[in-house]
Amino acid sequence: MALYEHVFLARQDVSAQQVDALVEQYKGVIEANGGKVGRIENWGLKSLTYRIKKNRKAHYALMDIDAPAAAIHEMERQMRINEDVLRYMTIAVEAHEEGPSAMMQKRDRDDRPRRDGDDRGPRRDFGDRGPRRDFGDRPPRRDGDRPAREDRA
């Protein structure tokens, strides 16, 4: 049997319990066709990059699957029929990841670079810059005096 990672997106207006029921439904489909489901992660309600079927958010769920291809095809067929499933993607993998997925790992705030200037180095000193150019070749401007259109460069 092959190893797969399967992620699906459910509509934003279904509850978390309904998403869990969908996961259990598709887990039953896999097991009925001779496969087994390992890790199941519910990533929760997340914003979508663009609208999908008029939804701006979706419930994400991940399943690690060890099943024959026929079981995957049957599960995907049922997902196409279900109106609550917006998108799904199944990827064949060599081995399942150990521990939580990248989406579930808590990002430590101390690992990110600081934005208060400590990591940027010293500020530049512009003391090596020459004096400002003198615009003595032009007459001083008075408020409201603008040259005609053809005179401007």
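Our structure's up above, just so we're on the same page.
Structural notes, computed from the coordinates. Fair warning: this is a prediction, and the values are worked out from it, not measured in the lab. (Residues numbered from 1 in each chain as written. Predicted model: local features only at pLDDT ≥ 70, side-chain atom pairs only at ≥ 80, totals over all residues. Heavy atoms only, no water.)

**Describing the nonpolar core**
Counting 20 residues, the largest nonpolar core has Phe 8, Tyr 26, Ile 30, Met 63, Ile 65 and Met 75 as its most contacted members. Those elements giving two or more residues to this core turn out to be β1 (2-11), α1 (16-32), β3 (55-67) and α2 (69-81). In terms of nonpolar packing, the next biggest core, distinct from the first, is built from 9 residues, Leu 9, Leu 48, Tyr 60 and Leu 86 among them. (Core = buried A, V, L, I, M, F, W, Y, C linked by side-chain atoms within 4.5 Å. Buried < 20%, exposed > 50% of the residue type's maximum accessible area, 1.4 Å probe, protein only. Helix = DSSP H or I, 4+ residues; strand = E, 2+ residues; numbered from the N terminus.)

**Digging into the pairing of strand β2 (residues 36-52)**
Judged from the 10 bridges that link them, β2 and β3 form a sheet pairing that is antiparallel. Of the residues in β3, the one forming a bridge with Glu 41 is Leu 62. In this antiparallel pair of consecutive strands, β2 and β3, the connection spans 2 residues, and Lys 53 shows a positive phi of 50 degrees. (Pairing = 2+ DSSP bridges.)

**A look at the pattern of salt bridges**
Tallied over the full model, the rule gives 5 salt bridges. Between Arg 11 and Asp 13 there is a salt bridge, with its nearest N and O atoms 3.2 Å apart. Assessed through its relative accessible area of 26%, Arg 11 is described here as partly exposed. A salt bridge links Arg 11 to Asp 84; the shortest N-O distance between them is 2.9 Å. Taken together, the positions of Arg 11 in strand β1 and Asp 84 in the loop between α2 and β4 (85-93) put the pair 73 residues apart, joining distant regions of the chain. Each of Arg 11, Asp 13 and Asp 84 takes part in salt bridges that share partners, so that together they form one network. (Salt bridge = Lys/Arg side-chain N within 4 Å of Asp/Glu carboxyl O.)

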